2 protein chains.
Amino acid sequence: MKFEQNRAEERHGRILDAALKVFARKGYRDSSVDDIAGQSATSKGGVYFHFPGKQAIFLALMDRAASRLLDRVEAVIAQESAPVARAEAALHVVLRTFARHRALARLFLIEAYGAGREFHARLMEFHELFIGVIRRHLDDAVAAGVIEPVDTELAGRIWFGALNEIITYWLLTGRPGPLEDSYASLRPLLFRSVGADMPPPRGAAGAKGTP
Amino acid sequence: MKFEQNRAEERHGRILDAALKVFARKGYRDSSVDDIAGQSATSKGGVYFHFPGKQAIFLALMDRAASRLLDRVEAVIAQESAPVARAEAALHVVLRTFARHRALARLFLIEAYGAGREFHARLMEFHELFIGVIRRHLDDAVAAGVIEPVDTELAGRIWFGALNEIITYWLLTGRPGPLEDSYASLRPLLFRSVGADMPPPRGAAGAKGTP
DNA sequence: CAAAAGCGACCGACCTGTCAGTCGCTTTTA
DNA sequence: TAAAAGCGACTGACAGGTCGGTCGCTTTTG
């Protein structure tokens, strides 16, 4: 029984891996279930044994990818204690992960729009999820008096949107070469927007810059 | 001959209007040329007489919409003299225009991604166009010493991305009810990001707000 | 051997782009 | 000015092709 489960799970995962590759290369609409079957070294029937349809594959893929990404985010956040540093770490790991996994980035930032109306609601949920993470730590920072009391939901949305645009531009044009280079110049702009003059790279909480 | 030309132009425009409606309602991929023909009260053949194909209709639509939007932007910019006020005016008119024309917003911010790879390059050109407008006025502001010397291209991209996320969220969820309500809280965040403490609503350059 | 898993030919729905032909306005002709 | 000829604009049936999903059959598993 465990063997069966493992086997089934392994196949399930292999189909998702294949789907990610195919979707990232051809886009959702231009990918056929046959493509996915081929890429996963199975057959169309096999795919339909594990998933009820093409949409379901895409949704499952988004769910899996989002939960993995969120896990990473939570992991690096746990290593920081100051709220601002946590928000910064969350931001940084998202940028880094997408930089290392273009296919993932394509899926979330581009293909999800073209996959049809049905996915838009889900996509927005994911946006809200990440905005929520940022927001929560900004709230903490406000409570700690490290940054000014701003509309943290809006600020989170702005940060997310900024990242989104930068990564999307990078995905579609390849510029800047190493995506993470953006972060150094991005950081002061974002933090200034919430009134944190310029936090030190790590650890210690706010040092007011006003003389 | 003149009659025919007017007639042809009128038809051309009517097809574009219809296409905007249809694309906004059903998305690019789920819209058929027959849909557009029906909505524009012509026939499929008629559509193909004026445009070489579905793609071309979408591209023409983007071009027309972008140039109209840019015209509006330039118009309001011309009414301001201070660079910061101009950047602000540009931002505001884009927000306002999209708020008033959901279909247009859908086209640029959502459907363009799903319309296929061929459109991505063009879409990025449009992004760059608007980012360029913002950037230019931020450059002026830096030159005038009104804001701090920041990476204005990145700042423009951040502003654009922030707007993008806010409008997209509004498009897909309907929140906040009146989109323009966001602007009041958005403004200070964006301007603080480039080191302009908090410019007064109109005209005069930076007045320090610190008590 | 029975059930689970996998296979791939096939079906039906749909959609883009084509094309031979029609219609109505304009220009030419007498 | 009235008929004839010409032409751009338009029509809709149809060809050609794609693709999601199905189903009967085979292989694997325990």
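Only a predicted model underlies this, so the values are computations on that prediction, with no experimental measurement involved.

Cut-offs applied
Residue positions are given per chain, counting from 1 as you read along its sequence in written order. Following the order in which they are written, the chains are lettered starting with A and the ligands numbered starting with 1. Under the rules for a predicted model, residues below a pLDDT of 70 receive no local features and side-chain atom pairs below 80 are neither given nor counted, while totals for whole chains, interfaces and linings still include all residues. Based on all heavy atoms of the structure, the side-chain values leave hydrogens and waters out of the count. Secondary structure elements follow DSSP: runs of H or I of four or more residues count as helices, runs of E of two or more count as strands, with numbering from the N terminus. Any residue under 20% of the maximum accessible area for its type is buried, any over 50% is exposed, and the rest in between are partly exposed; the area is computed with a 1.4 Å probe on protein chains only. Two residues form a contact once any of their heavy atoms are found within 4.5 Å. The accessible surface values rely on the Shrake-Rupley method and a 1.4 Å probe; as for residues, cover is taken only from the protein chains in view. As a rule, the C-alpha atoms of each element are fitted with a line to give its axis, helices using only the stretch in contact, and angles between N-to-C directions run from 0 to 180 degrees. Working rule for angles: under 35 degrees goes down as roughly parallel, over 145 as roughly antiparallel, 65 to 115 as roughly perpendicular, anything else as oblique. We call a crossing left-handed when the near helix sits turned anticlockwise from the far one by less than a right angle, and right-handed when that turn is clockwise. Summed over both partners, the accessible area (1.4 Å probe) lost when two parts come together is defined as the buried area. Within this document, salt bridges are pairs made up of a side-chain nitrogen of Lys or Arg and a carboxyl oxygen of Asp or Glu, the two lying within 4 Å of each other. Between N or O atoms, a polar contact is any pair within 3.5 Å; within protein, one atom must be a potential hydrogen donor and the other a potential acceptor, and residues adjacent in sequence are included only when both atoms are from side chains. Ten residues, namely Ala, Val, Leu, Ile, Met, Phe, Trp, Tyr, Cys and Pro, are considered nonpolar, four, namely Asp, Glu, Lys and Arg, are considered charged, and the remaining ones, Gly among them, are considered polar. Two rings belonging to Phe, Tyr or Trp (six-membered ring only in the last case) form a pair when the distance between their centres is within 6.5 Å. Interplanar angles under 30 degrees mark stacking, angles over 60 mark edge-to-face geometry, and anything in between is tilted. Superposing copies: least-squares fit, C-alpha atoms only, residues required to have pLDDT of at least 70 in both. The length a helix should cover is 1.5 Å for every residue beyond the first. Proximity criterion: a residue is near a molecule or strand once any of its heavy atoms comes within 4 Å of it.

A. Looking closely at the overall build of chain A. In terms of helices and strands, chain A carries 9 helices and 0 strands. Seen in sequence order, chain A has helices and strands lined up from the N terminus as α-α-α-α-α-α-α-α-α. Here chain A holds 211 residues, and the buried ones make up 53% of them. The long-range share in chain A, meaning contacts at least 24 apart out of those at least 6 apart in sequence, stands at 65%. Accessible area of chain A: about 9600 Å², with a carbon and sulfur share of 53%.

B. Local environment of the packing of helix H5 (residues 83–100) of chain B against helix H8 (residues 152–173) of chain B. Residue and element names in this part refer to chain B. H8 packs onto H5 with a crossing angle of 20° between their chain directions and a minimal axis gap of 11 Å. When the axes of H5 and H8 are compared, the pair comes out roughly parallel. Classified by chirality, the crossing of H8 by H5 is right-handed. Of H8, the residues touching H5 (which contributes Ala87, Leu91, Val94, Leu95, Phe98 and Ala99) are Trp159, Leu163, Ile167 and Trp170.

C. Highlighting the interface of chain A and chain B. Facing the 44 residues of chain A at the interface are 44 residues of chain B. Between chain A and chain B, the buried area comes to about 3400 Å², and carbon and sulfur atoms account for 64% of it. Applying the counting criterion to the chain A and chain B interface returns 6 salt bridges. At the boundary of chain A with chain B, the tally comes to 14 residue pairs in polar contact (both at pLDDT 80 or more). Elements supplying a minimum of two residues to the side of chain A that touches chain B: helix H1 (2–26), helix H6 (102–114), helix H7 (117–143), helix H8 (152–173) and helix H9 (181–193) of chain A. A total of 14 residues in the side of chain A that touches chain B trace back to one element, the largest contributor, which is H8(A). Taken together, the residues of the side of chain A that touches chain B break down into 19 nonpolar, 12 polar and 13 charged.

D. Summary view of the packing of aromatic side chains. Tallying each qualifying case throughout the model produces 17 aromatic pairs over all chains. Ring centres of A:Phe108 and A:Phe126 lie 5.6 Å apart, and the angle between their planes is 85°; this geometry places the pair in the edge-to-face category. Separated by 18 residues along the polypeptide, A:Phe108 in helix H6 and A:Phe126 in helix H7 bring together distant segments of the chain. Owing to a relative accessible area of 5%, A:Phe108 belongs among the buried residues under this scheme. Among the residues examined, A:Phe126 registers a relative accessible area of 8% and is labelled buried. Ring centres of A:Tyr113 and B:Tyr113 lie 5.3 Å apart, and the angle between their planes is 20°; this geometry places the pair in the stacked category. In this pair, A:Tyr113 is assigned in helix H6 and B:Tyr113 in helix H6 (residues 102–114), connecting two distinct chains. Residues A:Tyr113 and B:Tyr113 agree in their burial class; the two are buried.

E. Main features of the relation of the copies chain A and chain B. Least-squares fitting of chain A to chain B yields an RMSD of 0.1 Å, with the superposition described by an axial translation of 0.0 Å and a rotation of 180°. Classification of the inter-copy transformation places it as that of a two-fold axis. Using C-alpha coordinates, one finds that chain A approaches the rotation axis most closely at A:Gly114, a distance of 1.6 Å. Comparing contact sets, 100% of the residues at the interface of chain A also lie at the interface in chain B, consistent with an isologous, same-surface contact.

F. Local environment of H5(B). When the terminal C-alpha atoms of H5(B) are compared, their 26 Å separation across 18 residues agrees well with the 26 Å that a helix rising 1.5 Å per residue should span. Among the 18 residues in H5(B), 14 count as buried, and that is most of the element.

G. Summary view of the protein's contact with DNA strand C. In the vicinity of DNA strand C, 19 residues are found, and the nearest of them are A:Ser43, A:Gly45, A:His50, B:Lys44 and B:Tyr48. At the protein interface, 64% of the atoms of DNA strand C within 4 Å belong to sugar or phosphate. Residue B:Tyr48 places a side-chain N or O atom 2.6 Å away from a phosphate oxygen belonging to DNA strand C. With 5 residues, helix H3 (residues 44–50) of chain A is the largest single contributor of residues to the surface near DNA strand C. Taken together, the residues of the surface near DNA strand C break down into 5 nonpolar, 8 polar and 6 charged.

In short, the description is geometric, and any link to function would need to be established separately.
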